[in-house]
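# Report on the structure
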Amino acid sequence: MKVVAIVGSIRKDSYNRKLAEHVKNRYQDRFDLEILDLKPLPFYNQDLENEPNEAVQAFKDKVKAADAVLWVTPEYNGTIPGVLANAIDWLSRVDRVMVGKPSWIMGASMGQLGTVKAQLHLRDILLAMGLSSHLLPGNEVYVGAAHEKFDAEGKLIHEPTIQFLDTVVDNFIKWMNRYHQ
Ligand code: FNR
């Protein structure tokens, strides 16, 4: 199975990216995870949506070809970052490549609540816009106090989180397989 991760932070030391990398590495025998780069995406512009530039087209093609999508969101001012909203805007128009794909959400923040508000908003956006009618229910991954859970090399070292992710990933694989028999 091919899964793409859409990570709503483009900074190089992003905890959310590290979380996605943990999933990519730890479960590499179970599915192939590609972390997509949102940096080259221009601001969404309706004038350009029918003839998007190369970066947008490549991004949409990768999402279209994937069996599932993993959303990894930081929380900015109590909601999802603009970088992520921008990516969703591109995905939501013209060929709507997200529609019908199984997907799941996780997030890391330095606050104790670990992106609860951002994830609620993201879930609402994805469901309300019909972008992902197949969102994994439950299995909510809120990695709070992220700065205490990764080591200096960016490795996830918080054992309860690692164990919880093992369970969530099992559940996600079962969920994904329901749509790809
Ligand atoms: C934050 N941060 C933050 N944290 C949180 O728990 N709730 C919030 O509403 C916000 N708001 C917020 C706004 C902006 C503009 C920034 C830059 C940061 C802190 C945030 O959790 C922290 O910077 C994370 O490290 C961001 O995720 P990445 O970049 O490490 O993946």
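Residues numbered from 1 in each chain as written. Predicted model: local features only at pLDDT ≥ 70, side-chain atom pairs only at ≥ 80, totals over all residues.

## Comments concerning the overall build of the protein
- Looking only at helices and strands, the protein has five helices and six strands in total.
- Taken from N to C terminus, the helices and strands of the protein fall in the order β-α-β-α-β-α-β-α-β-β-α.
- Principal-axis analysis of the C-alpha atoms places the extent of the protein at approximately 45 × 40 × 30 Å.
- Taking all 181 residues of the protein together, 36% fall into the buried category. (Helix = DSSP H or I, 4+ residues; strand = E, 2+ residues; numbered from the N terminus. Buried ≥ 20, exposed ≤ 12 C-beta atoms within 10 Å, placed from the backbone.)

## Thoughts on helix α5 (residues 159–178)
- The terminal C-alpha atoms of α5 lie 29 Å apart, and with 20 residues this matches the ideal 28 Å at 1.5 Å per residue to within 8%.
- Listed in full, the buried residues belonging to α5 are Thr161, Leu165, Phe172 and Met176. Take α5 and look down its axis: the buried residues cluster within an arc of 40°, on one side only. Looking at α5, the residues exposed on the side facing more than 90 degrees away from the buried face are Glu159, Pro160, Gln163, Asp166, Thr167, Lys174 and Arg178. (Expected span 1.5 Å × (residues − 1). Arc of directions from axis to C-beta.)

## Concerning the pairing of strand β3 (residues 68–72)
- With five of its five residues buried, β3 lies for the most part within the structure.
- Burial along β3 is two-sided: the residues Ala68, Leu70 and Val72 and Val69 and Trp71 are all buried.
- Bridge analysis of strand β1 (residues 2–7) against β3 gives five bridges, and the strand direction is parallel. Looking across to β3, one finds that Val7 is bridged to Val72.
- Relative to strand β4 (residues 102–108), β3 is paired through four bridges, and the arrangement is parallel. Each residue of the ladder has a partner; that of Val72, found in β4, is Met106.
- Handedness of the β-α-β unit built from β3, helix α3 (residues 82–91) and β4 comes out right-handed. (Pairing = 2+ DSSP bridges. Right-handed = clockwise from strand over helix to strand, strands pointing away.)

## Things to note about unusual backbone geometry
- Positioned with a positive phi, Asn77 is a non-glycine residue whose angle comes to about 50°.
- Of note, Asn77 is situated in the loop between β3 and α3.
- Positive phi values are uncommon outside glycine, yet Ala145 reaches one of about 45°.
- Within the element layout of this structure, Ala145 appears in the loop between β6 (141–143) and α5.

## Focus: the confidence of the model for the protein
- Averaged over every residue, the pLDDT of the protein is 96; the share at 70 or more is 100%.
- Scored as a whole, the predicted complex attains pTM 0.97, and scored at its interfaces, ipTM 0.99. (pLDDT = per-residue confidence, 0-100.)

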